[in-house]
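# Descriptive structure summary
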Amino acid sequence: MMAEKFEIKGLDGLVKKLEALPEELQKKIGKSATGRMAAIIRDEAKERCYQAPKAYYAGPKGHRELVDPGHVGDNIIMKRVDDNKGSLISEHVVTVSNSLKGPHGAKNIGVFLEYGVNMDQKHPFMRPAVDSKKTEAIKAAETIIKDGLREAWTK
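Attention in this report is confined to the structure presented alongside it. Worth saying up front: this structure is predicted, and the values here are computed from it rather than measured.

The rules behind each value
Residues numbered from 1 in each chain as written. Predicted model: local features only at pLDDT ≥ 70, side-chain atom pairs only at ≥ 80, totals over all residues. Heavy atoms only, no water. Helix = DSSP H or I, 4+ residues; strand = E, 2+ residues; numbered from the N terminus. Buried < 20%, exposed > 50% of the residue type's maximum accessible area, 1.4 Å probe, protein only. Contact = heavy atoms within 4.5 Å. Areas by Shrake-Rupley, 256 points an atom, 1.4 Å probe, with all protein chains shown as cover. Axes fitted to C-alpha atoms, helices over the stretch in contact; angles between N-to-C directions. Parallel < 35°, antiparallel > 145°, perpendicular 65-115°, else oblique. Left-handed = near helix turned anticlockwise from the far one by under 90°. Nonpolar A, V, L, I, M, F, W, Y, C, P; charged D, E, K, R; others polar. Arc of directions from axis to C-beta. Salt bridge = Lys/Arg side-chain N within 4 Å of Asp/Glu carboxyl O.

## Side note on the overall build of the protein
Broken down by element type, the protein carries 5 helices and 4 strands. Reading the secondary structure of the protein in the N-to-C direction produces α-α-β-β-α-β-β-α-α. Across the 155 residues that make up the protein, the buried fraction comes to 34%. Taking the intrachain contacts of the protein between residues at least 6 apart in sequence as the baseline, contacts between residues at least 24 apart amount to 63%. Surface exposure of the protein reaches about 9,800 Å², of which carbon and sulfur atoms provide 49%.

## Examining the packing of helix α2 (residues 23-48) against helix α5 (residues 126-154)
It is at 8 Å that the axes of α2 and α5 come closest, and there the two elements cross at 155°. In terms of orientation, α2 lies roughly antiparallel with respect to α5. As for the relative orientation of α2 and α5, their crossing is right-handed in sense. Residue composition of the contact of α2 with α5, by class: 19 nonpolar, 3 polar and 6 charged.

## Focus on helix α4 (residues 106-115)
Regarding α4, the residues found buried are A106, G110, L113 and E114. Burial along α4 is one-sided: seen end-on, the buried residues are contained in an arc of 95°. On its buried side, α4 packs onto α3 (71-74), β4 (91-96) and α5. Phi turns positive one or two residues past the end of α4, at G116, with a value near 75°.

## So, the pattern of salt bridges
Evaluated as defined, the whole model comprises 6 salt bridges. Linking E23 and K27 is a salt bridge whose minimum nitrogen-to-oxygen distance equals 3.5 Å. A residue pair is termed a helical-turn pair when its members lie 3 or 4 positions apart in one helix, as E23 and K27 do in helix α2 at 4 residues. Residue K27 is classed as partly exposed on the basis of its relative accessible area, which comes to 37%. In this structure, the salt-bridge partner of D147 is R150, at a minimum N-O distance of 2.9 Å. In this pair, D147 and R150 are both assigned in helix α5, 3 residues apart and thus about one turn of the helix distant. What makes D147 partly exposed here is its relative accessible area of 38%.

The structure is reproduced here in structure tokens:
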């Protein structure tokens, strides 16, 4: 699976203040913060994704499909991962979907682009998106957490 992971460190003070809130509010703020971070990374990955020329791809059951340029970038999505690790942990994943709505094979082609498997030259887009927008994503999460805390304290 092609996905990049990073953790926020240095937010101990905000986390301690969040823990004082009711669990439902903690989850709401956590989901909102990680969702915003994932959206920033997703949008950057879409911008950086290589657009190959039109090509045929052997779709399911052996039939060939004409794949338009940019179909990998169009299939970059974010989704929330449900877990039972605790209320303050929220996880979103940015990845390439293999949705039945668009051309098949976007996920496989995305791996080839990112890592250069069976290609003369790789065209990474996920890791550079994380590297270039990590600071912006963390600041956005901090802002959402601070705003959520401020709103909870005023009630």
